[in-house]
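Coordinate inspection notes
Now for the letters of each chain:
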Amino acid sequence: MGKFIYDGTIKVDFEDRTLAHLQLVIGAKLRRGEPFHFTWKDDSSIGDGRTTVWVHPRSSLVYKYYGSRKPRLNMAWIDALAYTANSPAGLYLVPEPMDTAPTGGTDETH
């Protein structure tokens with residue numbers, strides 16, 4: 001389990017594998033200077049709602065991984081997440097699609 005930290009105050013847990021995919025998509029948007037909304041479903045322990053943050057090139061972002069190995073990346077999932085990030089609604093998690101050509105890392109997330 002990893003942690004996404006936004007501006008030092010908002011902290012949310014994501015599986016390391018999910019977080020690695022989000023990091024690539026967010027990084028690509030920010031390298032191009034493209035701000036966007038990022039929305040996720042909150043854990044039931046804090047009310048089962050959702051949180052949306054405005055991600056921009058001056059945002060302070062931290063990706064904290066608890067596993068020691070880089071997760072295997074699924075390019076189809078990166079493409080699907082990038083598609084949402086480029087939509088008016090902004091980035092949100094979508095189910096991982098099948099990918100026949102995984103790249104980088106290993107299947108381990110611990």
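Now for a description of the structure that goes with this document.

The rules behind the values
- Residues numbered from 1 in each chain as written.
- Predicted model: local features only at pLDDT ≥ 70, side-chain atom pairs only at ≥ 80, totals over all residues.
- Heavy atoms only, no water.
- Pairing = 2+ DSSP bridges.
- Helix = DSSP H or I, 4+ residues; strand = E, 2+ residues; numbered from the N terminus.
- Axes fitted to C-alpha atoms, helices over the stretch in contact; angles between N-to-C directions.
- Parallel < 35°, antiparallel > 145°, perpendicular 65-115°, else oblique.
- Left-handed = near helix turned anticlockwise from the far one by under 90°.
- Contact = heavy atoms within 4.5 Å.
- Nonpolar A, V, L, I, M, F, W, Y, C, P; charged D, E, K, R; others polar.
- Buried < 20%, exposed > 50% of the residue type's maximum accessible area, 1.4 Å probe, protein only.
- Expected span 1.5 Å × (residues − 1).
- Core = buried A, V, L, I, M, F, W, Y, C linked by side-chain atoms within 4.5 Å.

**What to know about the pairing of strand 2 (residues 10-14)**
Relative to strand 2, strand 1 (residues 2-6) is paired through 5 bridges, and the arrangement is antiparallel. Paired with Y6 across the two strands is I10, which belongs to strand 2.

**Some thoughts on the packing of helix 1 (residues 16-31) against helix 2 (residues 75-85)**
Helix packing geometry: the angle between the two helix axes and the distance between the axes. Viewed as axis vectors pointing N to C, helix 1 and helix 2 meet at an angle of 50°, and their least axial separation amounts to 10 Å. Taken together, the axis directions place helix 1 and helix 2 in an arrangement best described as oblique. Here the hand of the crossing between helix 1 and helix 2 comes out right-handed. Residue-level inspection shows R17, T18, H21, L22, L24, V25 and K29 of helix 1 in contact with helix 2, the latter providing W77, I78, L81, A82 and A85. Split into classes, the residues belonging to the contact of helix 1 with helix 2 amount to 8 nonpolar, 2 polar and 2 charged.

**A short note on the side chain of T84**
Of note, T84 is situated in helix 2. A relative accessible area of 3% means that T84 is categorised as buried. In contact with T84, not counting residues within four places along its chain, are G90, L91, Y92 and V94.

**Comments concerning helix 1**
Given a rise of 1.5 Å per residue, 16 residues ought to cover 22 Å, and the 22 Å separating the end C-alpha atoms of helix 1 matches this to within 8%. Most of helix 1 sits out of view: 13 of its 16 residues are buried. Residue G33 follows helix 1 closely and has a positive phi angle near 70°.

**Some details on the nonpolar core**
Membership of the largest hydrophobic core comes to 22 residues, with the highest contact counts inside it found for F4, F14, I26, F38, V55 and L91. Among the elements of the structure, strand 1, strand 2, helix 1, strand 3 (36-41), strand 4 (50-55) and helix 2 are those that each provide at least two residues to this core. Among the elements that take part in this core, helix 1 stands out by supplying 6 residues, more than any other. Beyond its immediate sequence surroundings of up to four residues, F38 is in contact with F4, F14, L22, I26, T51, T52, V53, V55 and L91.

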